[in-house]
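Descriptive analysis of the structure
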Amino acid sequence: VNEESYFNIRIANQILEEKKIISYDDLSYGGREFTYALGLPLIIAGLGFLLKGNTIIASRILLFLLGILTIAFLYLILKKFISDKRVNILTLLILIISPPFLYLFNSLNVFTVSLVLGLLGFYLFLSNKKKLIYLSAFMLVITLLFNFYFFIMFLLLTFIFSIFNK
């Protein structure tokens, strides 16, 4: 667990205690206005509320679910490009044992949710159905609640894909 994990859990606990979205953080640098992305602490607080205030268990469940969703969405995306099922499964196995994947889904940070939303948005974009493309755009915009750079990355990915896949 890293510092960001503790920070997100602390903010989620504060949201649960005050029963509102916070605007001031007393513990950051002696106190200052809250300018961080609130997406992840809100999700943890929501799950923590369902689990009677236990944000630690909520964060572990969230990490597990996000890891499973990442594997599932990546498999669906790979299936659209590579028809050999063995290659897709081998690719996913290599991903699962890779240090970046293990780190990402063992520490609570904004990249975990951003990655899942971005993969879901890209998968919906690949469908070529108008309603799903709108939903894809919505998913990409939601990544802004978590990480601006992931939003830009997935926006560029979909833009480049649409240019080369006309």
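To start, this report covers the structure provided alongside it. (Residues numbered from 1 in each chain as written. Predicted model: local features only at pLDDT ≥ 70, side-chain atom pairs only at ≥ 80, totals over all residues. Heavy atoms only, no water.)

With that settled, the discussion passes to the nonpolar core. Ranked by size, the top nonpolar core spans 38 residues in total, and within it Ile11, Leu40, Leu108 and Leu115 carry the most contacts. Counting only elements with at least two residues in this core, the list comes to α1 (3-18), α2 (39-50), α3 (55-81), α5 (99-104), α6 (110-126), α7 (130-142) and α8 (148-164). For this core, the element with the most residues is α6, which contributes 11 residues. (Core = buried A, V, L, I, M, F, W, Y, C linked by side-chain atoms within 4.5 Å. Buried < 20%, exposed > 50% of the residue type's maximum accessible area, 1.4 Å probe, protein only. Helix = DSSP H or I, 4+ residues; strand = E, 2+ residues; numbered from the N terminus.)

One turn of the α-helix equals 3.6 residues, which is why residues spaced by three or four share an orientation. End to end, α8 covers 25 Å across 17 residues, agreeing with the expected 24 Å (1.5 Å per residue, within 8%). By the burial criterion, the buried members of α8 are Phe150, Phe151, Phe154, Thr158 and Phe161. Each buried residue of α8 lies within a common arc of 105° when the element is viewed along its axis, so the set occupies one face. Residues of α8 that are exposed and point over 90 degrees away from its buried face: Tyr149, Phe159 and Phe164. The inward-facing, buried residues of α8 abut α3, α6 and α7. The backbone nitrogen of Tyr149 has a side-chain oxygen 2.8 Å away, supplied by the residue at the start of α8, namely Asn147. (Expected span 1.5 Å × (residues − 1). Arc of directions from axis to C-beta. Contact = heavy atoms within 4.5 Å. Polar contact = N/O pair within 3.5 Å; in protein donor to acceptor, adjacent residues only side chain to side chain.)

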